[in-house]
Amino acid sequence: MDKIWSVAVNDLRVSFRDRSIWLSLVIIPLVIIFFIGLANGGFGGGGGGARLLVDTFDQDRSDLSAELLANLKVVNPDIMLCPADNNADDVCRLNGESLTEALATGRLTDGMVSATLVIPPDFGAKALAGEPVNVIYRSQNATGQTGPVLQALQAVLQRTGGAAVAARVGVEVFENSGLVGATFRDEAERTTFRQEIYDTARQTWNDLPPAVTFSESAEKEGRKPSGFSQSVPGIGTMYVMSTVLIGCLVLLTERKQWTFQRMLTMPVAPGQVVAGKMLARFVMGMIQYAVAFGFGLILGVYFGDSPLALLLIMVVFTLCCTAFALLLATFVKTEMQAGSLLNLVVLILAPLGGAWWPLEIVPQWMQTLGHLSPVAWAMEGFRNVIFHGGGVASVIPNVLVLLALTAVVFLIAVRRFKYE
Amino acid sequence: MSKQALVEVRGLKKTFKRKDGTVVEAVKGIDLDIYRGEVFSLLGPNGAGKSTTISMMSGLLTPTEGDACIGGFSITNQPLEAKKLLGVVPQEIALYPTLTARQNLEFFGRLYGLHGRELAASVDETLEFIDLRDRQKDRVDTFSGGMKRRVNIGVGLLHKPQLVYMDEPTVGVDPQSRRRILDTVIRLQQDRKMTVLYTTHLMEESQELSNRVGIIDHGQIIALGTVGELIQKVGEEDRLVFNVGEQPISEALLARFQTEVPGVTKATYETVELKPVAGMEESAELVVEKRSTGQMVVVRSGQVKDGTIVVYAKRGRKALPDLLRIANEMGVDVLSVEVREPDLEAVFLHLTGRALRD
Ligand SMILES: Nc1ncnc2c1ncn2[C@@H]1O[C@H](COP(=O)(O)OP(=O)(O)O)[C@@H](O)[C@H]1O
Ligand SMILES: [Mg+2]
């Protein structure tokens, strides 16, 4: 262990001797994090990734339906109603097409939108009459699982329904009160009365705090995920990958300068030398994460409430990259070849796995494909913590997947490894 | 010197498989003992298998067959124990170029199991020994070839081993540095009582340093013994080497040498095409390596041949005046003469029919 540590320390010393390390470890990653962060919404709340697109069909077009929709956005500001809220940037990603129910079904199955909401033509009338109202809500979430949109919808319907019931109760109480003259002169008066009670009831509801747990994190002022909450873990992860995978060259370089062969003539097991080299790579990867997240903290970026969960993902992902570096080391023959191979691997796996933009905004098939990339498992974990307020438990599945992958890759690499 | 073997090499073989499927038998079965306290040199031309042999003896390459034991520990079965007794100075400069001399020594010292004060003391002593104390804080890549060689040697001595392997430690250094390195080897043996395995393709080095020499060619030891024992194999004849430049040499001259001068047994004439050293094609004077002696010489531009007459004679110095007179009579201008007493070069020539430098 002593010798492994010596090899690792020496490797780090050699790495930091090279001035260009500051460029690749600090300057370039930070510049990219900064610009990608800005492009994703920068410091502003929401951020591209946090948007919840909801395809909406308001067949009722009553005041009540309009209010329902408006309330949805009050309860959860991240909700974007399509096509109504579409803007010049095409947040709804309609590409100029007009939204039909068929298109909406496709968008939902592709995972482009979080939900579809249909308000039937008789919604307003029925609600006022106190009859049961029906709103059609479809989402990709498994039944029984409450997504943020459904939570908001339920909260709003509760208010609407509650107000409508109050109005109806009010009318009946009035009519059956036995008070002299307690009759409406005509239907119009009855309707006005009902409307008044409804408005009062609704107002009362609105004065109460929203009964939605989802918006809790949004309530802490300035502690909201921003564009940087995506770019710091995303671009950080990408650079951790290249920093660690470059490790596949370390043995090649050491062989070329004969220091590896020299070590093999010393009383140290070849496995210890390789372990030391890989330990150094792991440390470099963690330093890379520290640089990225440190930069984020300086910018005041919000990273959720569970540093431990974040650390867990960082450690496991870096470990996974280290195993891949060892595996690549058994393939690469020249530095040139390795250089282009690494670029290719990083430039495919990083965006595929959601390092550049959140996977939640790409079509379902791409999300599925993306999970072939270890980056996706790390990014999903980071987003669970940063965007969805998760703790250690929320990242356990991701950690286990990455650990399993690490173990498999490591075993293959060790079997392939030759010292001569 | 007691003849106690510190290193025992038995049946060592190494076969490399090239990518194109061809098989190279680099070492074809080597047996040798290296005695405690001696300098043993492996002398052979480039490609003879010296480095491959040393690599197998130090645990860097796994032998295809055979084994080597150091102090009774097998390098294949008890590598850690065997390696503790051994220091290796590879043919290549095996150092971290961006680290300082001291950092290099400290790192490798740790791998030899040294720590703390012991490590610092050992590094100091080694820096003293290789005479680089005042440059210890400088990066190795700012060093001259000779200084790098010295650090390269120093690393192999850090843990004060009883035994050191040095693989062509003088390759690519200037004459002054070479002298220094040769003196280092002598000091290792005399002051530190170390056992040294030294490989070289230069017979002068072998002859000066070694108690015993193994001559290696095509992966086999073709002769082994003290320098005296080996030279006896070729008899007593001196070789006289006449440099005659581009002049045409007739068979008649060679015939007169053999018939008229007492003691001469053989006279041959050889020419070598002189090729300018790469990059020097345009200069008025050319630097070329003379094949006969391996020296670098300056010749006139345009001279294309280097002719030598080699005469074998029982008592070379006595025959010399007669040989020069005959050459003069035949109109041949002798540019230089060398009288070479029997040496390892002659032994190699005798055994293989080739010069060591071929
Ligand atoms: N890794 C290798 N693969 C194939 N052939 C090799 C390898 N190493 C050495 N050889 C061959 O083995 C022979 C002996 O090489 P080497 O031991 O380096 O000779 P020396 O050190 O005496 O100059 C040479 O013909 C060389 O080309
Ligand atoms: Mg060699």
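For clarity, every value in this text was computed on a predicted model and none was experimentally measured.

Q: Help me understand the overall build of chain A, please; the structure alone is not making it clear to me.
A: When its secondary structure is counted, chain A shows 18 helices and four strands. Buried positions account for 47% of the 420 residues belonging to chain A. Of all intrachain contacts in chain A linking residues separated by at least 6 positions in sequence, the fraction that spans at least 24 positions is 77%.

Q: Teacher, can you tell me more about the interface of chain A and chain B here?
A: At the junction of the two partners, chain A supplies 23 residues and chain B supplies 33 residues. Roughly 2,700 Å² is buried in total at the junction of chain A and chain B, and carbon and sulfur atoms are behind 62% of that figure. The interface formed by chain A and chain B contains zero salt bridges. Connecting chain A to chain B are nine residue pairs in polar contact (both at pLDDT 80 or more). It is helix H1 (residues 2-17) of chain A that provides the largest number of residues to the side of chain A that touches chain B, a total of eight residues. The residue makeup of the side of chain A that touches chain B, split by class, is nine nonpolar, six polar and eight charged.

Q: Sorry if this is basic, but what is going on with the side chain of Thr243(A) here?
A: All names here are of chain A. Relative to the helices and strands, Thr243 resides in helix H10 (residues 227-245). For Thr243, a relative accessible area of 11% translates into the label buried. Beyond its immediate stretch of four places on either side in the chain, Thr243 contacts Leu25, Arg281, Met284 and Gln288.

Q: Just checking my understanding: could you explain the sheet that holds strand E10 (residues 220-225) of chain B for this structure?
A: Hydrogen bonds along the backbone pair up the strands of a sheet, which may run parallel or antiparallel. All names here are of chain B. One open sheet accounts for six strands, arranged E6-E7-E8-E3-E9-E10; its pairing is mixed. This sheet does not close on itself; its edge strands, each paired only once, are strand E6 (86-89) and E10. Shown here is a sheet whose adjacent strand axes are inclined to one another by a mean of 15°, direction ignored. In this sheet, strand E8 (residues 195-200) lies alongside strand E7 (residues 163-167) in parallel orientation, the contact comprising five bridges. When the sheet's bridge partners are listed, Met166 is paired in E8 with Tyr198. Sheet strands touched by helix H5 (residues 145-157): E6 and E7. Its angle to E6, the strand with the most contacts, is close to 165°.

Q: Got a minute to help me understand the coordination of the magnesium ion (ligand 2) in this structure?
A: Between any two of four tetrahedral donors, the ideal angle at the metal is 109.5 degrees; between two of six octahedral donors, it is 90 or 180 degrees. Binding of the magnesium ion (ligand 2) to the protein goes through Ser51(B) (OG) and Gln91(B) (OE1), at separations of 2.0 to 2.1 Å. You can see Ser51(B) sitting in helix H1 (residues 50-57) and its partner Gln91(B) sitting in the loop between E6 and helix H3 (101-111), a full 40 residues away along the chain.

Q: Sorry if this is basic, but what is going on with the sheet that holds strand E3 (residues 115-119) of chain A here?
A: Residues and elements named next belong to chain A. Taken together, the four strands give an open sheet; going across it, the order is E2-E1-E3-E4, and neighbouring strands pair in mixed fashion. This sheet does not close on itself; its edge strands, each paired only once, are strand E2 (79-82) and strand E4 (136-139). Shown here is a sheet whose adjacent strand axes are inclined to one another by a mean of 25°, direction ignored. Where strand E1 (residues 52-58) lies against E2, four bridges are found, and the strand directions are parallel. Bridging across to E2, Leu53 finds its partner in Met80.

Q: What am I meant to see in the pattern of salt bridges here?
A: Two side chains of opposite charge can pair, provided their charged atoms sit close to one another. Residues and elements named next belong to chain B. In this structure the tally under the stated criterion is 27 salt bridges over all chains. Where Glu168 meets Lys50, a salt bridge forms, and the shortest distance between an N and an O atom there is 3.3 Å. Taken together, the residues span a long stretch of sequence, with Glu168 in the loop between E7 and helix H6 (175-190) and Lys50 in helix H1 at a distance of 118 residues. Comparing Glu168 with Lys50, the two get one shared label, buried. Linked by salt bridges that have partners in common, Arg102, Glu106, Asp124, Glu128 and Arg133 make up one network.

Q: Teacher, can you tell me more about the packing of aromatic side chains here?
A: Aromatic rings considered in pairs are described by the distance between their centres and by the relative angle of their planes. One pass over the structure, following the stated rule, counts twelve aromatic pairs over all chains. Where Tyr96(B) meets Phe108(B), the ring centres are 5.9 Å apart and the plane angle is 20°; that geometry is what we call stacked. Separated by twelve residues along the polypeptide, Tyr96(B) in the loop between E6 and H3 and Phe108(B) in helix H3 bring together distant segments of the chain. Both residues of the pair, Tyr96(B) and Phe108(B), belong to the buried class. Members of the aromatic cluster, connected to one another through ring pairs, are Tyr289(A), Phe293(A), Phe303(A) and Phe382(A). Above the plane of the ring of Phe331(A) lies Arg416(A), whose end atom (NZ or CZ) is 3.9 Å from the centre.

Q: Help me out: how do you make sense of the site of ligand 1 in this one?
A: Residue and element names in this part refer to chain B. Phe16, Arg18, Ala26, Pro45, Asn46, Gly47, Ala48, Gly49, Lys50, Ser51 and Thr52 make up every residue found near ligand 1. Between ligand 1 and the protein, one listed contact pairs an oxygen atom with a backbone N or O atom of Ala48 at 3.2 Å. The contact in question runs from an oxygen atom of ligand 1 to an N or O atom on the backbone of Gly49, over 3.0 Å. Out of a free accessible area of 560 Å², ligand 1 has 65% covered by protein chains. Element by element, the count of residues in the shell around ligand 1 is highest for H1, at three residues. Residues belonging to the shell around ligand 1 are distributed by class as follows: four nonpolar, five polar and two charged.

Q: How should I be thinking about the state of the cysteines in this particular structure?
A: Disulfide: a covalent bond formed between the sulfur atoms of two cysteine residues. Under the defined criterion, the tally for this structure stands at zero disulfides over all chains. The structure places no disulfide on Cys320(A), whose sulfur is separated from the nearest cysteine sulfur, that of Cys321(A), by 6.0 Å.

Cut-offs applied
- Residues numbered from 1 in each chain as written.
- Chains lettered and ligands numbered in written order.
- Predicted model: local features only at pLDDT ≥ 70, side-chain atom pairs only at ≥ 80, totals over all residues.
- Heavy atoms only, no water.
- Helix = DSSP H or I, 4+ residues; strand = E, 2+ residues; numbered from the N terminus.
- Buried < 20%, exposed > 50% of the residue type's maximum accessible area, 1.4 Å probe, protein only.
- Contact = heavy atoms within 4.5 Å.
- Buried area = accessible area lost by both parts, 1.4 Å probe.
- Salt bridge = Lys/Arg side-chain N within 4 Å of Asp/Glu carboxyl O.
- Polar contact = N/O pair within 3.5 Å; in protein donor to acceptor, adjacent residues only side chain to side chain.
- Nonpolar A, V, L, I, M, F, W, Y, C, P; charged D, E, K, R; others polar.
- Pairing = 2+ DSSP bridges.
- Axes fitted to C-alpha atoms, helices over the stretch in contact; angles between N-to-C directions.
- Donors = N, O, S within 2.8 Å, 3.2 Å for Na, K, Ca; no water.
- Phe/Tyr/Trp six-rings, centres within 6.5 Å; stacked < 30°, edge-to-face > 60°.
- Lys NZ or Arg CZ within 6 Å of the ring centre and 35° of its normal.
- Near = heavy atom within 4 Å.
- Areas by Shrake-Rupley, 256 points an atom, 1.4 Å probe, with all protein chains shown as cover.
- Disulfide = S-S within 2.5 Å.

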